[in-house]
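# Chain and residue survey
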Amino acid sequence: MIKDLQDKILKLKKEKDVCILAHSYMSEEICEIADFTGDSYALSLKAKTAPQSTVLMCGVRFMAETVKMLSPQKKVILSHPDAGCPMAEQMDREIIAEVKKSYPDYAVVAYINTTAKLKTVADVCVTSSSAVKICRAIPQQNILFIPDINLGSYVRSQVPEKKFKLLSGGCPTHARMEKADIIAAKAAHPQALFLAHPECRPEVVEYADYVGSTSGIMDFAEKSSAGEFIIGTENAIAEHLQYKCPDKKFYPLSKDLVCHNMKITTLPDVYNCLTGAGGEEITLDEETRLKAVKCIEKMIEYGG
Ligand code: 13P
Ligand code: SF4
């Protein structure tokens, strides 16, 4: 049944010249039919180079908007119209434009998990895998980091030579994890290494043997000589790793580490997008796109 649907999807995407990009939080069955899977940074690079005329983004809205910004000539479809990212919606452009007035000599560094509108007031974008490198590389000494206070705290700890102003936004899925969760997981699996996403709170990240993006966590676990891992990011990553490395053991940090926005896209949704019966075509007004794309291009330039 799943295989039949996957075969139909593979046939349709070829016929219709569609590139399917899937964030690593998508289910195994979606990742299997994607042209490319990866973290937010890798997906934004692919968005620029994919030769197909249409891109179907299986992920959340800000990811599809990023593709549209970088490839305005392409038709870009978001896999499910309700796949938003609550963190991306947390801060308004108007509020940040106001805050900027109090910090005139600060560079606004925006996590890519932001709306296109908010990106219009940012100087540079970052992803979890590129944030440390980019904050070190930009010429400005002072950084106003939005919207994730947890990622911002982690970056600040890695870039002590710069001054950071953080605001209190964050990912509700990762921020749900508490110190008690990692203490319990470590007690249950004392031999396991703990791999954490920097969207987790600092008191959780403190216990990590490795901190990185979704792709960083997967690479680390695959290459590591260790045999057991506690996975401190969305539970899809523990599942993918278990498929890739059947001889190793992967334990989700908590059964609650689930992003319902990422989980909303199913394989039938992907099929419906290709038949024209589902998904949402992303459109951006040209003024917003031109202003917002600058900080993504800066990210690619510094993150190279
Ligand atoms: P990365 O894939 O860049 O690690 O981001 C995780 C995430 O929360 C995406 O929404
Ligand atoms: Fe947004 Fe968090 Fe879900 Fe990523 S995991 S899409 S940051 S809510």
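Model, not experiment: these values are computed from the prediction. (Residues numbered from 1 in each chain as written. Chains lettered and ligands numbered in written order. Predicted model: local features only at pLDDT ≥ 70, side-chain atom pairs only at ≥ 80, totals over all residues. Heavy atoms only, no water.)

For the protein, the count of helices and strands is 16 helices and 13 strands. The C-alpha atoms of the protein give 19 Å as radius of gyration, which agrees with the globular expectation for 304 residues (19 Å, within 12%). Pairs at least 24 apart in sequence give 62% of the contacts found in the protein among residues at least 6 apart. Summed over its atoms, the accessible surface of the protein is roughly 13200 Å², and 51% of this surface lies on carbon and sulfur atoms. Computed over 37 positive and 40 negative side-chain charges, the separation of the two mean positions in the protein equals 4 Å. (Helix = DSSP H or I, 4+ residues; strand = E, 2+ residues; numbered from the N terminus. Rg over C-alpha atoms; globule rule 2.2 N^0.38 Å. Contact = heavy atoms within 4.5 Å. Areas by Shrake-Rupley, 256 points an atom, 1.4 Å probe, with all protein chains shown as cover. Lys, Arg positive; Asp, Glu negative; His and termini not counted. Charge placed at Lys NZ, Arg CZ, Asp CG, Glu CD.)

In this structure the tally under the stated criterion is 14 salt bridges. Here K13 and D35 are joined by a salt bridge, their closest N and O atoms 3.0 Å apart. Of this pair, K13 sits in helix α1 (residues 2-15) while D35 sits in the loop between α2 (28-33) and β2 (36-38), and the two are 22 residues apart along the sequence. A relative accessible area of 12% places K13 in the buried class. (Salt bridge = Lys/Arg side-chain N within 4 Å of Asp/Glu carboxyl O. Buried < 20%, exposed > 50% of the residue type's maximum accessible area, 1.4 Å probe, protein only.)

Before going further, it helps to spend a moment on the packing of aromatic side chains. By the definition in use, this model includes three aromatic pairs. With a centroid separation of 4.7 Å and an interplanar angle of 20°, the aromatic rings of Y210 and F220 are classed as stacked. With Y210 in strand β10 (residues 210-211) and F220 in helix α12 (residues 214-223), this pair connects stretches of sequence that are ten residues apart. Here Y210 falls in the partly exposed class, since its relative accessible area comes to 23%. (Phe/Tyr/Trp six-rings, centres within 6.5 Å; stacked < 30°, edge-to-face > 60°.)

We now examine the site of ligand 1. Taken together, 14 residues sit near ligand 1, with H23, S40, S128, H197 and T214 positioned nearest. For ligand 1, an oxygen atom lies 2.6 Å from a polar atom in the side chain of H23. At 3.0 Å from an oxygen atom of ligand 1 is found a side-chain nitrogen or oxygen belonging to E199. Within the complex, the protein chains bury 96% of what would otherwise be the 300 Å² of accessible surface of ligand 1. Here the residues of the shell around ligand 1 sort into five nonpolar, seven polar and two charged. (Near = heavy atom within 4 Å. Polar contact = N/O pair within 3.5 Å; in protein donor to acceptor, adjacent residues only side chain to side chain. Nonpolar A, V, L, I, M, F, W, Y, C, P; charged D, E, K, R; others polar.)

As for its position among the elements, K14 is in helix α1. On the basis of relative accessibility, which here comes to 73%, the residue K14 falls in the exposed class. Considering only alpha carbons, one finds K14 and K3, eleven residues apart in sequence, at a separation of 17 Å.

It is worth spelling out the packing of helix α3 (residues 40-49) against helix α4 (residues 61-70) at this point. The N-to-C vectors of α3 and α4 enclose an angle of 35°; their axes lie 8 Å apart at closest approach. When you trace α3 past α4, the crossing you get is right-handed. Mapping the contact onto sequence places S40, L43, S44, A47 and K48 in α3 and M63, T66, V67 and L70 in α4. (Axes fitted to C-alpha atoms, helices over the stretch in contact; angles between N-to-C directions. Left-handed = near helix turned anticlockwise from the far one by under 90°.)

What follows covers the environment of N272. Tracing the backbone through its elements, the reader meets N272 in helix α15 (residues 267-275). For N272 and I9, which are 263 residues apart along the polypeptide, the C-alpha to C-alpha distance reads 9.2 Å. When neighbours within four sequence positions are excluded, N272 is seen to be in contact with A277 and G278.

On to α15, then. Among the residues making up α15, those that are buried are L267, D269, V270, C273 and L274. Across the axial projection of α15, the buried residues extend over an arc of 160°, all falling on one side. Those residues of α15 hidden inside the fold are in contact with α1, β1 (18-23), α2, β3 (54-58) and β4 (75-78). A positive phi of about 90° marks G276, the residue just after α15. (Arc of directions from axis to C-beta.)

Within the largest apolar cluster, 108 residues are counted, with the highest numbers of intra-cluster contacts made by I20, L56, F145, I146, V155, I231 and L253. Once you skip the residues sitting within four places of it in the chain, L253 turns out to touch M177, D181, I182, A185, F194, V204, I230, I231 and G232. (Core = buried A, V, L, I, M, F, W, Y, C linked by side-chain atoms within 4.5 Å.)

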